[in-house]
Amino acid sequence: MRLVIARCSVDYVGRLTAHLPSAVRLVLVKADGSVSIHADGRAYKPLNWMSPPCVIAEETGVWRVTNRAAEQLVITLEEILHDSSHELGIDPGLRKDGVEAHLQVLLADRPDAIAPGLTLIRREYETGIGPVDLLCRDSDGSTVAVEIKRKGEIDGVEQLTRYLVRLDADPALPHPVRGILAAQSITPQARLLAADRGLGCAVVDYDELRGLEPSIPTLF
């Protein structure tokens, strides 16, 4: 991970345009190729970002970050105050709370509650940057990655997007791999971003699932 603290201005050029005037900010470049711009506020949320895969072209005083859709973040660096890189290694991932963990178990037994025709391939399929909750197959034989949240928000969409980049490069899987965010509730902002990324959304009823018998036969 590369951390750059600099006085900079940022322009987004794509379907819309956006401009961040000159100020001191943190530019975060992750090993997965994502680039995000942060201020000393807004908690963890960036002011602007570019999700992977993208290409970073560093020129004197200017970074140009381009994604697959040819959208660009143009970062004009006026003064660099800090520039360092750190190897973080593979993160073990977030441990889910009781509801999310139980939802994963329930949906692994009833993947058709997420979408008709889904069957389970494996739980906790490792992507190299963390495990996706469920790896499934749909009725057409295509691979479907399912990320499960108690509440579906933008962070969940971003997490699933990162996993899909890795899964698309996995030679062991049938391609293309599509993604579904499954949650008890999903915010309108997350739905909009998911649709923009070509991801599906599924609202599941935790209480109803707990009353369903598993579709996979058990001995007892």
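Calculation criteria
- Residues numbered from 1 in each chain as written.
- Predicted model: local features only at pLDDT ≥ 70, side-chain atom pairs only at ≥ 80, totals over all residues.
- Heavy atoms only, no water.
- Buried < 20%, exposed > 50% of the residue type's maximum accessible area, 1.4 Å probe, protein only.
- Helix = DSSP H or I, 4+ residues; strand = E, 2+ residues; numbered from the N terminus.
- Arc of directions from axis to C-beta.
- Contact = heavy atoms within 4.5 Å.
- Salt bridge = Lys/Arg side-chain N within 4 Å of Asp/Glu carboxyl O.
- Domains from an automatic or database assignment.
- Buried area = accessible area lost by both parts, 1.4 Å probe.
- Polar contact = N/O pair within 3.5 Å; in protein donor to acceptor, adjacent residues only side chain to side chain.
- Nonpolar A, V, L, I, M, F, W, Y, C, P; charged D, E, K, R; others polar.

1. Points about helix α3 (residues 188-197)
Point 1. If you check which residues of α3 are buried, you get Ala-190, Leu-193 and Ala-194. Projected down its long axis, α3 carries its buried residues within an arc of 100°, all on one side. Within α3, the exposed residues directed more than 90 degrees away from the buried face are Pro-188, Leu-192 and Ala-195.
Point 2. Here the buried face of α3 lies against β10 (143-152), α2 (154-168), β11 (177-186) and β12 (200-203).
Point 3. Two residues or fewer past α3, Gly-198 is found with a positive phi of approximately 80°.

2. Quick word on the pattern of salt bridges
Point 1. Applying the stated rule across the entire model yields 7 salt bridges.
Point 2. With a closest N to O distance of 2.7 Å, Arg-2 and Glu-58 form a salt bridge. With Arg-2 in strand β1 (residues 2-13) and Glu-58 in strand β5 (residues 54-59), this residue pair connects regions lying 56 residues apart in the sequence.
Point 3. Owing to a relative accessible area of 47%, Glu-58 belongs among the partly exposed residues under this scheme.
Point 4. We note a salt bridge from Arg-64 to Glu-59, for which the minimum N-O separation is 3.6 Å.
Point 5. The exposure class assigned to Arg-64 is partly exposed, which follows from its relative accessible area of 31%.
Point 6. A cluster of three or more residues bridged by salt bridges with shared partners is formed by Arg-2, Glu-58 and Asp-83.

3. Side note on the domain arrangement of the protein
Point 1. For the protein, the assigned domains read domain 1 (2-85) and domain 2 (98-212).
Point 2. On a C-alpha basis, the centroid separation for the pair domain 1 and domain 2 is 29 Å.
Point 3. Facing the 7 residues of domain 1 at the interface are 6 residues of domain 2.
Point 4. Roughly 610 Å² is buried in total at the junction of domain 1 and domain 2, and carbon and sulfur atoms are behind 49% of that figure.
Point 5. Three residues, Asp-32, Trp-49 and Pro-52, lead the burial of domain 1 against domain 2; their summed loss comes to 46% of the area buried on that side.
Point 6. For the interface between domain 1 and domain 2, the tally reads 0 salt bridges.
Point 7. The interface formed by domain 1 and domain 2 includes 3 residue pairs in polar contact (both at pLDDT 80 or more).
Point 8. Looking at the side of domain 1 that touches domain 2 residue by residue, the classes come out as 4 nonpolar, 1 polar and 2 charged.

4. Some words on unusual backbone geometry
One can expect most non-glycine residues to show negative phi and most peptide bonds to be in trans.
Point 1. In this structure, Pro-53 follows Pro-52 across a cis peptide bond, with omega equal to 0°.
Point 2. Along the chain, Pro-53 turns up in the loop between β4 (48-50) and β5.
Point 3. Between His-175 and the following residue, Pro-176, the backbone shows a cis peptide bond with an omega angle of 0°.
Point 4. Mapped onto the secondary structure, Pro-176 falls in the loop between α2 and β11.
Point 5. Of note, the phi angle at Ala-70 is positive, near 70°, even though the residue is not glycine.
Point 6. Structurally, the position occupied by Ala-70 is in the loop between β6 (62-67) and β7 (72-85).
Point 7. One non-glycine residue with positive phi stands out, namely Glu-124, at about 50°.
Point 8. Examined against the element boundaries, Glu-124 turns out to sit in strand β8 (residues 119-126).

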